[in-house]
Amino acid sequence: QVQLVESGGGLVQAGDSLRLSCAASGRTFNYPMGWFRQAPGKEREFVAAISWTGDRIVYADSVKGRFTISGDNVKATVYLQMNSLKPEDTAVYYCAADYPAGAVLGTTTTEYDYWGQGTQVTVSS
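Residues numbered from 1 in each chain as written. Predicted model: local features only at pLDDT ≥ 70, side-chain atom pairs only at ≥ 80, totals over all residues. Heavy atoms only, no water.

1. Brief notes about the side chain of Thr77
Its location among the elements puts Thr77 in strand β8 (residues 77–82). Looking at Thr77, its side chain comes within polar contact range of the main-chain oxygen of Lys75, at 2.9 Å. Beyond its immediate chain neighbours, meaning those up to four positions away, Thr77 contacts Ser21, Cys22, Ala23, Phe29, Ser70, Gly71 and Asp72. (Helix = DSSP H or I, 4+ residues; strand = E, 2+ residues; numbered from the N terminus. Polar contact = N/O pair within 3.5 Å; in protein donor to acceptor, adjacent residues only side chain to side chain. Contact = heavy atoms within 4.5 Å.)

Structure representation (structure tokens):
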């Protein structure tokens, strides 16, 4: 079992920045992690993913150049630095663990096995 706890969400204005954290526990931290988000009335969508070594990273086109995913293996924590936030970034953000690790870095919800409870990000215009 893997337990994930997100933090760092909040209410900000357009153009502001936020950093989300996701602390993992329960298993040795050697699996890929991803961030997803879900806006009201919409399906959960991929945001970013990182391999446990940090050598593979992938972003959704909608956040490329604005968001940065990173990890700290010592702390077993993954971060999502979000800059230049837009109102359309408003959503509940979830971190997810691909454990046991798949062959490729996943970008769909079905490729992840464990999920956090989510943290709300609201961007006002």
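2. Focus on the packing of aromatic side chains
Counting across every chain of the model gives six aromatic pairs. Site record: aromatic cluster; members linked through ring pairs are Phe36, Phe46, Tyr112 and Trp115. The cationic tip of Arg44 hangs over the ring face of Tyr94; the distance from NZ or CZ to the ring centre is 3.7 Å. Positioned above the aromatic ring of Trp115, the side-chain terminus of Arg44 is 4.9 Å from the ring centre. (Phe/Tyr/Trp six-rings, centres within 6.5 Å; stacked < 30°, edge-to-face > 60°. Lys NZ or Arg CZ within 6 Å of the ring centre and 35° of its normal.)

3. Description of the state of the cysteines
Scanning the model with the defined rule gives one disulfide in all. The partner cysteine of Cys22 in its disulfide is Cys95, sulfur to sulfur 2.0 Å. One disulfide, between Cys22 and Cys95, carries an S-S torsion of 55° and so falls in the right-handed class. Within this pair, whereas Cys22 is found in strand β3 (residues 18–25), its partner Cys95 is found in strand β9 (residues 91–97), the two being separated by 73 residues in sequence. Of the two residues, Cys22 and Cys95, neither departs from the other in class, the shared state being buried. (Disulfide = S-S within 2.5 Å. Buried < 20%, exposed > 50% of the residue type's maximum accessible area, 1.4 Å probe, protein only.)

4. A closer look at the pattern of salt bridges
In the structure shown here, the tally under the stated rule is four salt bridges. Linking Arg37 and Glu45 is a salt bridge whose minimum nitrogen-to-oxygen distance equals 2.6 Å. Judged by its relative accessible area of 5%, Arg37 is buried. Here the salt bridges do not stand alone but share partners, grouping Arg37, Glu45, Arg66 and Asp89 into one network. (Salt bridge = Lys/Arg side-chain N within 4 Å of Asp/Glu carboxyl O.)

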